[in-house]
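# Descriptive structure summary
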Amino acid sequence: MNTRRAVVTGGAGFLGSYLCERLLARGATVICMDNFLTGSPRNVDHLLGRPAFRLLECDLTGFVHVPGDVDLVLHLASAASPADYLRHPIETLKVGSLGTLHALGLAREKNARFVLASTSEVYGDPQQHPQTETYWGSVNPVGPRSVYDEAKRFAESLTTAYRNTHGTDTGIVRIFNTYGPRMRPHDGRAIPTFIRQALCGEPLTVTGDGSQTRSICYVDDTIEGILALADSDFPGPVNIGNPTEITMLDLARTVIELTGSASPIRFIDRPADDPAVRRPDTTLAATRLGWRAEVGVTEGLRRTIAWFEAELRRTEELVG
Ligand code: NAD
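Residues numbered from 1 in each chain as written. Predicted model: local features only at pLDDT ≥ 70, side-chain atom pairs only at ≥ 80, totals over all residues. Heavy atoms only, no water.

## Digging into the nonpolar core
Threshold: Residues belong to one nonpolar core when they are buried, are Ala, Val, Leu, Ile, Met, Phe, Trp, Tyr or Cys, and are joined through side-chain atoms within 4.5 Å. Between buried and exposed lies partly exposed: a residue is buried under 20% and exposed over 50% of the maximum accessible area for its type, with that area taken using a 1.4 Å probe on protein chains only. The contact rule is simple, with two residues in contact once any of their heavy atoms fall within 4.5 Å.
Counting 60 residues, the largest nonpolar core has Leu23, Phe53, Leu74 and Leu251 as its most contacted members. Contact partners of phenylalanine 53, with chain neighbours within four places excluded, come to Cys20, Leu24, Val30, Cys32, Val44, Leu47 and Leu48. In terms of nonpolar packing, the next biggest core, distinct from the first, is built from 22 residues, Leu60, Ala77, Val95 and Tyr162 among them.

## Describing the sheet that holds strand β6 (residues 170-175)
Keep this limit in mind: For two strands to be treated as a pair, DSSP must find at least two bridges joining them. Per the convention used, a helix needs a DSSP run of H or I reaching at least four residues, while a strand needs a run of E reaching at least two, with both numbered from the N terminus. As a rule, the C-alpha atoms of each element are fitted with a line to give its axis, helices using only the stretch in contact, and angles between N-to-C directions run from 0 to 180 degrees.
Pairing is parallel in the open sheet, where 7 strands are placed in the order β3-β2-β1-β4-β5-β6-β11. Either end of the sheet is taken by a strand with one partner, and the two such strands are β3 (53-57) and β11 (238-240). Taken over all neighbouring pairs, the strand axes of this sheet differ in orientation by 20° on average, direction set aside. Here 5 bridges tie strand β2 (residues 29-34) to β3, and the two strands are oriented parallel to one another. Within β3, the position partnered with cysteine 32 by the bridge is leucine 55. Along the sheet, helix α4 (residues 146-166) contacts β5 (113-119) and β6; its crossing angle with β5, the most-contacted strand, is approximately 155°.

## Some words on the site of the ligand
We apply this condition: We define proximity as follows: a residue is near a molecule or strand when any one of its heavy atoms falls within 4 Å of that partner. The definition of a polar contact used here is a pair of N or O atoms within 3.5 Å, where within protein one atom must be able to donate a hydrogen and the other to accept one, and adjacent residues in sequence count solely through side-chain atom pairs. Methods summary: accessible areas were calculated by the Shrake-Rupley approach with a probe of 1.4 Å, and residue burial reflects only the protein chains presented.
Lining the immediate surroundings of the ligand are 30 residues, of which Asp34, Thr38, Leu76, Tyr148 and Lys152 lie closest. Between the ligand and phenylalanine 14, the relevant distance is 2.8 Å, taken from an oxygen atom to a main-chain nitrogen or oxygen of the residue. Interatomic distance of 2.8 Å between a backbone N/O atom of threonine 178 and an oxygen atom of the ligand. Compared with its free state, where it exposes 820 Å², the ligand has 97% of that area covered by protein.

## Concerning the layout of surface pockets
Selection criterion: We place a 1 Å grid over just the protein atoms. Points where a 1.4 Å probe fits but has no way out form a cavity, open points with protein on both sides within 12 Å along at least 5 of 7 lines form a pocket, and any residue with an atom within 4 Å of a point lines it. Grid points are joined across faces, edges and corners, and a volume is the space filled by probe spheres set on the points. Each residue gets one of three labels, nonpolar for Ala, Val, Leu, Ile, Met, Phe, Trp, Tyr, Cys and Pro, charged for Asp, Glu, Lys and Arg, and polar for the others, Gly among them.
Size it by volume and the second largest pocket reaches roughly 320 Å³. Tallied by class, the residues present in the lining of the second largest pocket amount to 4 nonpolar, 7 polar and 6 charged.

## Remarks on the pattern of salt bridges
Note the cut-off: Here a salt bridge means any side-chain nitrogen of Lys or Arg lying within 4 Å of a carboxyl oxygen belonging to Asp or Glu.
For the coordinates displayed, the defined rule picks out 24 salt bridges. Across the salt bridge formed by glutamate 202 and arginine 196, the nearest N and O atoms sit 3.7 Å from each other. Judged by relative accessible area, which is 34%, glutamate 202 ranks as partly exposed. In this structure, arginine 270 engages aspartate 274 in a salt bridge whose closest nitrogen and oxygen atoms are separated by 2.7 Å. Here aspartate 274 falls in the buried class, since its relative accessible area comes to 11%. Through salt bridges with shared partners, a single ionic network connects Glu121, Arg145, Arg214, Arg270, Asp274 and Arg278.

## A word on the UniProt feature "domain: NAD-dependent epimerase/dehydratase" (unreviewed entry) in the protein chain
Just so we agree on the cut-off: UniProt positions are given in the numbering used here, feature names are shortened, and annotations may be inferred rather than shown by experiment.
Under the feature "domain: NAD-dependent epimerase/dehydratase" (unreviewed entry), the UniProt entry names residues 7-241. Helix makes up 36% of residues 7-241 and strand 19%, with an end-to-end C-alpha separation of 23 Å.

## Quick look at unusual backbone geometry
At the junction of histidine 129 and proline 130, the peptide bond is cis and its omega measures out at -10° in the coordinates. Counting through the fold element by element, proline 130 comes out in the loop between β5 and α4. Here the amide bond leading from glycine 236 into proline 237 is cis, since omega sits at 0°, within 30 degrees of zero. As for its placement among the helices and strands, proline 237 is situated in the loop between α6 (219-231) and β11. Although it is not a glycine, arginine 182 adopts a positive phi angle of roughly 85°.

## Some points on the packing of aromatic side chains
Counted only if it meets this: Planes of paired rings set the category: under 30 degrees apart is stacked, over 60 is edge-to-face and the rest tilted, where pairs are Phe, Tyr or Trp rings (Trp by its six-membered ring) whose centres lie within 6.5 Å.
Counted by the stated rule, this structure contains 6 aromatic pairs. Taking the centre distance of 6.1 Å and the plane angle of 40° together, the rings of tyrosine 123 and phenylalanine 176 count as tilted. Here tyrosine 123, found in the loop between β5 and α4, pairs with phenylalanine 176, found in the loop between β6 and β7 (178-179); they are 53 residues apart in sequence, far enough to count as distant. Of the residues examined, phenylalanine 176 reaches a relative accessible area of 1% and is grouped as buried. Between tyrosine 179 and tyrosine 218, the ring centres sit 5.6 Å apart and the planes meet at 70°, which makes this aromatic pair edge-to-face. Highlighted residues: tyrosine 179 in strand β7 and tyrosine 218 in strand β10 (residues 217-218), separated in sequence by 39 residues. On the basis of relative accessible area, tyrosine 179 is assigned to the buried category, the value being 1%. Judged by relative accessible area, tyrosine 218 falls into the buried class, the value being 4%. An aromatic cluster is built from Tyr123, Tyr135 and Phe176, whose rings are joined through pairwise contacts.

Structure follows, in structure tokens:
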């Protein structure tokens, strides 16, 4: 698909800002919509001077209007880190439901392709490992994480209903844990937390006994996967993630090694309903989109650590 004019909701966030950048590099005009709940204009500061880029401060849960043609709506607006969505439970449910309704309405009105940024969290604490797209998940609907998990499950359902009822050209991507430059050092996710702690010489706080696993994908790979889905007419859902699985304890040890830090590891309580394992089966992405993750964990972490070091010096959290 040759995108001419794209709307990126949540475009001033971590992933959204890279998508804005990549679409502009491909010659598209980009309208970035964000209410800065967890993102920041700083993430797209470098794009503001470009005539093809427009930043609109707007809450997706309210009235949404974009004049002119649009041929792609990438819907990323939503708090994404557990610390953020636990701090903003109602906002998270509202943007997953009302925000998705409005983003879908925009895509329908403009006859645009719509891509929902869903999440591996729809699998909850999975009873199937690795997770294929046909697995329905194991989510506690009244647990603390449900504000995010159920909002995304509802958003997937609404997206499917728009496809079936209105013929909207939709795609659903289930994104697995993604990391890289531009994550906020205090966003509460494991990688920014470990890197910040290691660089600042603080103990790395590993939850539980650290045997729980995650599969972590470098941001450039995730962005390529999302764009591959956007360029196709595939409805999905499709997993985008790096199948290399790592325990949280090994991740903490790797960060200590790569930063050369003398920080110890400290074990703290594990949050409620924290999934025990997480690994995508990416066969579908490979066969339908020709996509697979390419950046290894060590290389991805090296790039991320270099960025965090500069960022922590900028904010004067790291001195000397
Ligand atoms: P992020 O918090 O950096 O970005 C989300 C953006 O959405 C922020 O800029 C925020 O201000 C904006 N937003 C929130 N509510 C809004 C509203 N009502 N109106 C307008 N804007 C609003 O998070 P991220 O990591 O970039 O995640 C982006 C998307 O990808 C989210 O939908 C998330 O669920 C999904 N996702 C991310 C990951 C990951 O590992 N980063 C994994 C799975 C899914």
